[in-house]
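Chain by chain, the residues run as shown.
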Amino acid sequence: MPSLEQADQKVVFGLDIGTRSVVGTVGYMSDGQFNVIAQAVEKHQTRAMLDGQIHDIGKVGMTIRLVKEKLEQQTDIHLTDVCIAAAGRVLKTVRIMYDHEFTDNHDLTEEDIYNLDSAAVEKAYAQFLEENSSGLKFYLVGYSVMHYYLDGYQIVNLEGHSAGNVSVELIATFLPDDCVDGLYKACERAGLKVANLTLEPIAAMMVAIPDRFRMLNLALVDVGAGTSDICVTDDGSITAYGMLPIAGDDITEIIAKKCLVDFNTADEIKITSSHQSEVKYVDIMGLDKTITADEIAVIIKPQVEMMAKKAVEEIKRLNGDQPVSAVFVVGGGGCVPGYTEAIAREMGIPDERVALRGEEVMKNITFLNNDGIERDSLLVTPLGICFSYYEEANNFIFVSFNGTQTKLYDNGKLQIVDAAMQVAFPNEDLFPKRGEELKFTVNGKERTQRGQSGEAAVISLNGKPADIHSKIHANDIIDVKPSTAGEPGKATIDSIPEFKTKFNVNVNGKNVEASRYATVNGEAQTGFYSIKSGDDVKVLDYNTAAQIAELMDITITEDTVIIVNNERGDANTPVYENFKVEFKDQEEALMEYYDDLPDADEEAIRLANEEAYESDDRDVKIVEGKDGQLSFEDLSSEDDSKAFENDPEPVKNILAHDLHVTINNEPHTLHGKADYIFVDIFDAIDFDLSKPQGRAIVTTLNGATPEYMQPIHEGDRIEVYWKT
């Protein structure tokens, strides 16, 4: 029974629970140097694990217990807490494309881009759950943006560009809860409590890639027995994870077939050939055989090159279809000859930029009990698991989110928004919501008025105000009150740009500016009308005569005469830009029409003269005599004049005629004109237009209201009187 307690000795116990074996390490950190006290390895007796996943918790727990007991014997320390790592091969990745259309023209901000990424991750998570409908819970480990697009064109950075149609293509990585749960339960079977859980690629990175190099764009390939785990780093963190189902066992199988040996013997041949020039073995026929390392290299070369090609393809896919600056290889499968050279060749980088990491990265590690331990790439991951204990991140933590205990994978960059995503808190409840959009049409074209922005979510962290970007740590208490929606979109007629424009018209000889009018769904509305969703707004390019009159404070009565562009109109006559409109009293219009009429006798003389000049027989003109009758004056020669005098009689009154009408029930005769119009009746009656005897003149022609220029005919019945 150990005499010392782990807590008192302040040592860390790390377990690398692999597919073939379990490796345990006990040590402690002092002045930046990690001191290894003891190490122990125990192989699984059965296939209790496959491809990094526990299939038999009891048997794996038994193997862990054996390793624990060996280490306790070496150290005399009672081990109770353990650090473990989940295999990179159990990570699940989803590649997703997400589009968003911005309806306004603001410049894209960092928050816009963050919201775009978050929405894409949510979509990836939803797709992942749909494809893996097992009811299991998954943890978001991280995501890597591959490409941004603006209006369909790839762009490096969206920030500062005018908003439009933006897209993001990214890879999100998830860790299934059952893998974590299996590791925890196997450790519990061995009497251990998990103090820290990280991911194997991260553990390997802690040893293989020093801090000062992690800002570079690098790849780490952990070539194990069953799979090759890949991670890509940039800006100080792992940005993407990948896994290939080809690794060291595939090479072992080729050797087994070539050398005619069992799998375990073939594995020993593979391992030995990596550091000896020749290997002796016994085949299944019982024959002693010898094979050189060069022969092994030739046998496995096609498989090694295929593995390298697949690894490079996956690295580029995870890195946005771009090569990385350098590649580090760890794990036993990566020790085979030709693998690192093939990686460099496929990646298109110099050979020296692909390295197998081993002793050269263990300078800050001291093995206190150096019993022939080889400092090679096989130790990188087990040591990295111990290192992760001293990091503040790369493990699972618990926080309280709105009263619910939530487990999160801590990648060193955890923020409140990550906790919200893990508990499926709606993304739209974190950010201010806009009110409902108002959609309508103006002159047949669609318009949208955005709603007002609401209030952001009210967030507190451990009782203090915070925001979605506040960093969180283990046991933090997060409270989030959902964001609110703003006021819906609003618009009035007078807010429409077309409605604000004016146009010029001439009113009673004066140029004035007229305002626009509008209809909504066919009905006239004022500028104060509040537009509703679906309204059909039409801004008219004219005013009616009535609207022009209202603008000019002119009152239209039944006696008002409206003239638009010199033609009689009415209150509803359209008046367009640069039109001329006149408003007159009926009496005024009557007098103007009458004054403008040509004298009937003069017109008759003019017409007769035109006809006479067109005659070839005589050179005459028609004149009006003293008695008012028409006659001809001869303008031809004297002989012609005599001949003319011999004619029976001169032509008289060839155009004028009398017209008999009834006015106010009394017969009247109109004289001296060829054609008569309504205003001619005022020559036949005693009706003084200049001295009004009432409010207005009432006129009828055969019972109907006439126009003043309307022709009249024989027998017409006419009424004219003052309306009082």
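Residues numbered from 1 in each chain as written. Predicted model: local features only at pLDDT ≥ 70, side-chain atom pairs only at ≥ 80, totals over all residues. Heavy atoms only, no water.

## Quick look at the overall build of the protein
Inference 1: Of the regular secondary structure elements, the protein holds 16 helices and 44 strands.
Inference 2: For the protein, the proportion of its 724 residues judged to be buried stands at 46%.
Inference 3: In the protein, once contacts between residues fewer than 6 apart in sequence are set aside, the share between residues at least 24 apart is 61%.
Inference 4: By element, 47% of the accessible surface of the protein is carried by carbon and sulfur atoms, the whole surface being about 37,400 Å². (Helix = DSSP H or I, 4+ residues; strand = E, 2+ residues; numbered from the N terminus. Buried < 20%, exposed > 50% of the residue type's maximum accessible area, 1.4 Å probe, protein only. Contact = heavy atoms within 4.5 Å. Areas by Shrake-Rupley, 256 points an atom, 1.4 Å probe, with all protein chains shown as cover.)

## So, the environment of Leu 659
Inference 1: Topologically, Leu 659 is positioned in strand S41 (residues 657–663).
Inference 2: Taking relative accessible area as the criterion, Leu 659 reaches 4% and is therefore assigned buried.
Inference 3: Between the C-alpha atom of Leu 659 and that of Glu 714, which follows or precedes it by 55 residues, the distance is 5.6 Å.
Inference 4: Those residues in contact with Leu 659 that sit more than four places away from it in its chain are His 668, Thr 669, Leu 670, Tyr 676, Ile 712, His 713 and Glu 714.

## Some words on the packing of aromatic side chains
Inference 1: Summed over the entire model, instances satisfying the criterion amount to 6 aromatic pairs.
Inference 2: Pairing Tyr 125 with Phe 174 gives two aromatic rings, centres 5.4 Å apart and planes at 40°, and the pair type is tilted. Taken as a pair, Tyr 125 in helix H3 (residues 110–131) and Phe 174 in strand S12 (residues 165–176) lie far apart in primary sequence, 49 residues in all.
Inference 3: Classification of Tyr 125 as partly exposed rests on a relative accessible area of 22%.
Inference 4: On the basis of relative accessible area, Phe 174 is assigned to the buried category, the value being 1%.
Inference 5: Here Tyr 542 and Tyr 576 contribute two aromatic rings whose centre-to-centre distance is 5.2 Å and whose plane-to-plane angle is 55°, an arrangement assigned as tilted. One end of the pair, Tyr 542, is in strand S34 (residues 542–544); the other, Tyr 576, is in strand S37 (residues 574–576), and 34 residues separate them in sequence. (Phe/Tyr/Trp six-rings, centres within 6.5 Å; stacked < 30°, edge-to-face > 60°.)

## Some words on the sheet that holds strand S33 (residues 536–539)
What holds strands together in a sheet is hydrogen bonding between their backbones, with the strands either parallel or antiparallel.
Inference 1: Strand order in the open sheet formed by 5 strands is S25-S24-S33-S31-S32, and the pairing between neighbours is mixed. The outermost strands of the open sheet, each flanked by one partner alone, are strand S25 (445–449) and strand S32 (523–525). Neighbour-to-neighbour, the strand axes of this sheet turn through a mean angle of 35°, independent of strand direction.
Inference 2: Pairing analysis gives 5 bridges linking strand S24 (residues 438–442) to S25, with the strands arranged antiparallel. Pairing of Thr 441 across the sheet is with Glu 446, part of S25. (Pairing = 2+ DSSP bridges. Axes fitted to C-alpha atoms, helices over the stretch in contact; angles between N-to-C directions.)

## Quick word on helix H6 (residues 248–259)
Inference 1: Under the 1.5 Å per step criterion, the end-to-end length of H6 is 17 Å for 12 residues, consistent within 8% with the ideal 16 Å.
Inference 2: Of the residues making up H6, those classed as buried are Gly 248, Asp 249, Ile 251, Thr 252, Ile 255, Ala 256 and Cys 259. Angularly, the buried residues of H6 cover 155° about the axis, an arc narrow enough to put them on a single face. Facing away from the buried side of H6, by more than 90 degrees, are the exposed residues Lys 257 and Lys 258.
Inference 3: Just past H6, the residue Leu 260 takes up positive phi, approximately 60°. (Expected span 1.5 Å × (residues − 1). Arc of directions from axis to C-beta.)

## Some words on helix H2 (residues 57–75)
Inference 1: With 19 residues, H2 should cover 27 Å at 1.5 Å per step; its first-to-last C-alpha distance of 27 Å lies within 8% of that length.
Inference 2: Three or more residues of H2 are buried, namely Val 60, Gly 61, Thr 63, Ile 64, Val 67, Lys 68, Leu 71, Glu 72 and Thr 75.
Inference 3: The residue sitting at the N-terminus of H2 and contributing the capping side-chain oxygen is Asp 56; that oxygen lies 3.2 Å from the backbone nitrogen of Gly 58.
Inference 4: Positive phi shows up at Asp 76, right after H2, with a value of about 60°. (Polar contact = N/O pair within 3.5 Å; in protein donor to acceptor, adjacent residues only side chain to side chain.)

## Examining the nonpolar core
Inference 1: Core analysis: the biggest nonpolar cluster contains 65 residues, and Leu 15, Ile 17, Ile 64, Ile 84, Leu 199, Leu 220 and Leu 383 have the highest contact counts within it.
Inference 2: Ranked by the residues each element gives to this core, the list is headed by helix H5 (residues 200–208), at 7 residues.
Inference 3: Beyond its immediate stretch of four places on either side in the chain, Ile 84 contacts Leu 15, Ile 17, Leu 183, Cys 187, Val 194, Asn 196, Leu 197, Thr 198 and Ile 385. (Core = buried A, V, L, I, M, F, W, Y, C linked by side-chain atoms within 4.5 Å.)

## A look at unusual backbone geometry
Of all residues except glycine, most have a negative phi; of all peptide bonds, most are trans.
Inference 1: Phi is positive for Asp 31, close to 55°, though the residue is something other than glycine.
Inference 2: Residue position: Asp 31 is located in the loop between strand S3 (21–30) and strand S4 (33–43).
Inference 3: Overall, Asp 31 belongs to the exposed group, its relative accessible area being 82%.
Inference 4: Even without being a glycine, Asp 321 presents a positive backbone phi close to 60°.

## A closer look at the sheet that holds strand S43 (residues 696–701)
Inference 1: In spatial order, the strands read S42-S41-S44-S43; together these 4 strands make up an open sheet with mixed pairing. Only two strands of the sheet have a single neighbouring strand rather than two, namely strand S42 (666–673) and S43. Between one strand and the next, the sheet's axes are offset by a mean angle of 30°, whatever the strand orientation.
Inference 2: The pairing of S43 with strand S44 (residues 717–723) spans 6 bridges and is antiparallel.

## Regarding the packing of H2 against helix H4 (residues 177–189)
For any two helices packed against each other, the geometry comes down to the angle between their axes and how far apart the axes lie.
Inference 1: Relative orientation of the contacting elements H2 and H4 amounts to 55°, with a least axis distance of 7 Å. On the basis of the axis angle, H2 is oblique to H4. The interaxial crossing formed by H2 with H4 has right-handed handedness. Contacts between H2 and H4 involve Ile 57, Gly 58, Val 60, Gly 61, Ile 64 and Arg 65 on the former and, on the latter, Gly 182, Lys 185, Ala 186, Cys 187 and Arg 189.
Inference 2: Residue composition of the contact of H2 with H4, by class: 5 nonpolar, 3 polar and 3 charged. (Parallel < 35°, antiparallel > 145°, perpendicular 65-115°, else oblique. Left-handed = near helix turned anticlockwise from the far one by under 90°. Nonpolar A, V, L, I, M, F, W, Y, C, P; charged D, E, K, R; others polar.)

## Quick word on the pattern of salt bridges
Inference 1: Enumeration according to the criterion identifies 16 salt bridges in this entry.
Inference 2: Of the charged contacts in the structure, one is a salt bridge between Glu 314 and Arg 317, with a shortest N-O distance of 3.0 Å. Linking Glu 314 with Arg 317, this pair stays in helix H8 (residues 293–318), spanning 3 residues, or about one helical turn.
Inference 3: For Asp 429, the salt bridge goes to Lys 433, with nearest N and O atoms at 3.1 Å.
Inference 4: Overall, the relative accessible area of 17% leaves Asp 429 in the buried class.
Inference 5: One network of salt bridges, in which partners are shared, links Arg 95, Glu 169 and Asp 321. (Salt bridge = Lys/Arg side-chain N within 4 Å of Asp/Glu carboxyl O.)

## Some details on the confidence of the model for the protein
Any region with low pLDDT has predicted coordinates that should not be read closely.
Inference 1: On average, residues of the protein carry a pLDDT of 82, and 86% of them reach 70 or more.
Inference 2: Every residue in residues 641–654 scores below 50 in pLDDT, and together they form 15 contacts with partners more than four places removed in sequence or on other chains. (pLDDT = per-residue confidence, 0-100.)

## Things to note about the environment of Pro 465
Inference 1: Here Pro 465 lies in strand S27 (residues 464–466).
Inference 2: Contact partners of Pro 465, with chain neighbours within four places excluded, come to Ile 459 and Ser 460.

## A look at the environment of Met 421
Inference 1: Mapped onto the elements of the fold, Met 421 is located in helix H11 (residues 416–422).
Inference 2: Residues Met 421 and Tyr 139, 282 residues apart in the sequence, show an inter-C-alpha distance of 9.8 Å.
Inference 3: When sequence neighbours within four positions are dropped, the list of residues in contact with Met 421 reads Ser 118, Val 121 and Leu 140.

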